[in-house]
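One letter stands for each residue in the lines below.
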Amino acid sequence: MNEKLRVYVAGHQGMVGGAICRRLAENCQVDLITRTKKDLDLTDQGAVRKFLRLNRIDQVYIAAAKVGGIHANATYPAEFLYQNLMIETNIIHSAFKSGVKKILFLGSSCIYPKFAEQPITEDCLLMGALEKTNEPYAIAKIAGLKMCESYNRQYGKSHGVDYRSIMPTNLYGRGDTYHEENSHVIPALIKRFHEAKEKRLESITIWGTGEARREFLYVDDLAEACLHVMNLSRSDYLLAVGEINCHINAGAGSEITIRELAEIIKEITGYAGELNTDITRPDGTPRKLLDSSKLQSLGWRPTTSLRSGLARTYEDFLSSIGSISPR
């Protein structure tokens, strides 16, 4: 019998890592390896190297990261830069030293310039200034994908390493963090609208003008994209992305204003009050739509509509606070 593929998912307790694990668990030929933060500190280089060496890992998905919305990025810039740099460099270098041949690094669309031409192609990387509100996080993610690229260039032929990077658009779905100030826009809005409904508030106010446009991808669609990218042959992947800027975008292919998004969430949660905007608060990047044509040419497309995904996400939120049983 063939031995199972030993796959380590870093960050399995997070939204993205959890979705990847659910998808990998469907494959009986995969031996899924995970560790909690308590069991393995990913900022500890020695601990990470020991773990990878002793567990004979074949593949690694790097979904572990310190993440948050505009407020969290503005409040904790040093933590966002330091922790994300340490996590990714420890895993990638230790994986290389331990003989791991395949890695998928999860980045973010915030790596692209604030005023990049829309939709944003992969070659827009480093072609302009970043959005200031999440610059430290973006710089760390750029370093991670460039580290994968550099190890491929230096060790691809000599050691057979094949380290890939996927840059998802804004994500939402099961397992998200529902915090009014430190979470991303969708879980923050879900929490605010739900609580406003429960308290029968007459109105709620969202940050900014509401005119900024965003693209959103359901996390289970991203998980499918991650496995799709990892399972591509090396030749097919490189033919699509090349050897420089060898990351690939994963997006839904459509965008919506924050105001329109809030109106949909208002309807799904059943909130009946007024929706106002606070123009003294930042909008962030005015528009951010990824060009995902390379990934689509390789056979992947999302299958979850925004409205359907938001309804499922609200169910997840209600489950998390004990209002309904989990799906």
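Residues numbered from 1 in each chain as written. Predicted model: local features only at pLDDT ≥ 70, side-chain atom pairs only at ≥ 80, totals over all residues. Heavy atoms only, no water.

Turning our attention to the environment of Ile 111. Residue placement: Ile 111 occurs in the loop between strand 4 (102-106) and helix 5 (135-159). Considered as a pair, Ile 111 and Asp 44 are 67 residues apart in the sequence and their alpha carbons are 25 Å apart. Non-local contacts of Ile 111, meaning those with residues more than four positions away in its chain, are made with Leu 125, Leu 130, Ala 138, Lys 141, Ile 142, Leu 145, Met 167 and His 247. (Helix = DSSP H or I, 4+ residues; strand = E, 2+ residues; numbered from the N terminus. Contact = heavy atoms within 4.5 Å.)

Bringing the pattern of salt bridges into the picture now. Applying the stated criterion across every chain, the model contains 17 salt bridges. Across the pair Glu 26 and Arg 23 runs a salt bridge whose closest N-O atoms are separated by 3.3 Å. Exposure remark for Arg 23: the relative accessible area of 25% places this residue in the partly exposed category. It is possible to trace a salt-bridge network through shared partners that takes in Arg 23, Glu 26 and Glu 224. (Salt bridge = Lys/Arg side-chain N within 4 Å of Asp/Glu carboxyl O. Buried < 20%, exposed > 50% of the residue type's maximum accessible area, 1.4 Å probe, protein only.)

In space, the 6 strands of this open sheet follow the order 2-1-3-4-5-10, with parallel pairing throughout. In the strand order of this sheet, the two ends are held by strand 2 (30-33) and strand 10 (247-250), each with one partner. Recorded for the sheet is a direction-independent mean angle of 20 degrees between the axes of neighbouring strands. Of the pairings in the sheet, the one linking strand 1 (residues 5-10) to strand 3 (residues 59-62) comprises 4 bridges and is parallel in character. (Pairing = 2+ DSSP bridges. Axes fitted to C-alpha atoms, helices over the stretch in contact; angles between N-to-C directions.)

Moving on: the sheet that holds strand 8 (residues 213-214). Sheet architecture is open: 3 strands sit in the order 11-8-13, paired in mixed fashion. Sheet topology places strand 11 (256-257) and strand 13 (287-288) at the edges, where each strand pairs with a single neighbour.

Moving on, we come to the environment of Ser 108. Mapped onto the elements of the fold, Ser 108 is located in the loop between strand 4 and helix 5. Taking relative accessible area as the criterion, Ser 108 reaches 14% and is therefore assigned buried. Along the primary structure Ser 108 and Ala 138 are separated by 30 residues, whereas in three dimensions their C-alpha atoms are 7.4 Å apart.

Our focus in this paragraph is unusual backbone geometry. Omega for the peptide link from Gln 118 to Pro 119 comes to -15 degrees, which places this bond in the cis form. Among the structural elements, Pro 119 can be located in the loop between strand 4 and helix 5. Non-glycine residue Arg 200 carries a positive phi angle of around 55 degrees. Residue Arg 200 is classed as exposed on the basis of its relative accessible area of 75%. With a phi close to 55 degrees, Asn 245 is a non-glycine residue in the positive phi region. Take Asn 245: it is sitting in the loop between helix 8 (234-241) and strand 10. A relative accessible area of 15% places Asn 245 in the buried class.

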